[in-house]
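Structural characterization, general
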Amino acid sequence: MMKFPRLPTLRHFCLVAVFAMVPLAALAADRCTDQAQAETDRVTRELSARRPAQGDPQAERAWSLELHTALAAISKRADACASAQRSNTPPEAAQKQQACIATVHNRVEALQKKYAGRAMSPQDQATRREEESRLMDERMACTRRQ
């Protein structure tokens, strides 16, 4: 007979995955990231059109070096742009945000410990889901505050 994972374990994984993706979602909307992605697409498209025929290792190596150099330059510009945007945020605001995130993270860990290793009734499961949802909302509110 095949055993399926316990529901609380699966929920725990989903909760961790959501918390891990929140900063990535914020980063994807960033102007610097969008600009870097557009440049990367342009460079890749241009250099793909000039790709040498297979069989000429020196030409392939030169083409590859040109591609990697261009992509490294784009990455450096994106990092500089992101750094400039971060420096516009006052350090005390960034510190407050990190403290808020740490507080929510500690509360998530406490919630996980509270329900760890025990069978839960449907009412316990509903209560846990509500608490997890509330904590996710609080975590996202921490990242929105400036």
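Computed from a predicted model, the values in this text were never measured in an experiment.

**Description of helix 2 (residues 31–49)**
With 19 residues, helix 2 should reach 27 Å at 1.5 Å per residue; the first-to-last C-alpha distance of 27 Å fits that figure. Residues of helix 2 that are buried include every one of Cys-32, Ala-36, Glu-39, Val-43 and Leu-47, and no others. Buried residues of helix 2, viewed axially, fall in a sector of 65°; they line one side. Across helix 2 from its buried face, at more than 90 degrees, point the exposed residues Arg-45 and Ala-49.

**Observations regarding the pattern of salt bridges**
Here the structure, examined in full by the defined rule, presents eight salt bridges. Ionic pairing is found between Arg-42 and Glu-46, a salt bridge with its closest N-O pair at 3.4 Å. A residue pair is termed a helical-turn pair when its members lie 3 or 4 positions apart in one helix, as Arg-42 and Glu-46 do in helix 2 at four residues. The class for Glu-46 is partly exposed, based on a relative accessible area of 42%. For the salt bridge of Glu-138 with Arg-107, the shortest nitrogen-to-oxygen distance reads 2.7 Å. Separated by 31 residues along the polypeptide, Glu-138 in helix 5 (residues 122–144) and Arg-107 in helix 4 (residues 91–115) bring together distant segments of the chain. Since its relative accessible area comes to 36%, Arg-107 is described here as partly exposed.

**Points about the nonpolar core**
Across soluble globular proteins, you tend to see nonpolar side chains buried next to one another. Listed in full, the nine residues of the largest apolar core are Cys-100, Ile-101, Val-104, Val-108, Leu-111, Tyr-115, Met-120, Leu-135 and Cys-142. Within the residue set of this core, elements represented by two or more residues are helix 4 and helix 5. Looking at which element gives the most residues to this core, the answer is helix 4, with six residues. Within the second largest apolar cluster, seven residues are counted, among which are Ala-36, Val-43, Ile-74 and Ala-78.

**Quick word on the environment of Tyr-115**
Within the secondary structure, Tyr-115 is located in helix 4. In this structure Tyr-115 comes out as buried when scored by relative accessible area, which is 4%.

**Examining the packing of helix 4 against helix 5**
At a minimum axis distance of 9 Å, the contact between helix 4 and helix 5 shows a crossing angle of 170°. By the angle between their axes, helix 4 is roughly antiparallel relative to helix 5. In this structure, helix 4 uses Gln-97, Cys-100, Ile-101, Val-104, Arg-107, Val-108, Leu-111, Gln-112, Lys-114 and Tyr-115 to contact helix 5, whose residues at the interface are Asp-124, Thr-127, Arg-128, Glu-131, Glu-132, Arg-134, Leu-135, Glu-138, Arg-139, Cys-142 and Thr-143.

**Here we look at helix 4**
With 25 residues, helix 4 extends 36 Å from end C-alpha to end C-alpha; this agrees with the ideal 36 Å at 1.5 Å per step. Downstream of helix 4 by one or two residues, Gly-117 has phi in the positive range, about 70°.

Definitions and limits used
- Residues numbered from 1 in each chain as written.
- Predicted model: local features only at pLDDT ≥ 70, side-chain atom pairs only at ≥ 80, totals over all residues.
- Heavy atoms only, no water.
- Helix = DSSP H or I, 4+ residues; strand = E, 2+ residues; numbered from the N terminus.
- Expected span 1.5 Å × (residues − 1).
- Buried < 20%, exposed > 50% of the residue type's maximum accessible area, 1.4 Å probe, protein only.
- Arc of directions from axis to C-beta.
- Salt bridge = Lys/Arg side-chain N within 4 Å of Asp/Glu carboxyl O.
- Core = buried A, V, L, I, M, F, W, Y, C linked by side-chain atoms within 4.5 Å.
- Axes fitted to C-alpha atoms, helices over the stretch in contact; angles between N-to-C directions.
- Parallel < 35°, antiparallel > 145°, perpendicular 65-115°, else oblique.
- Contact = heavy atoms within 4.5 Å.

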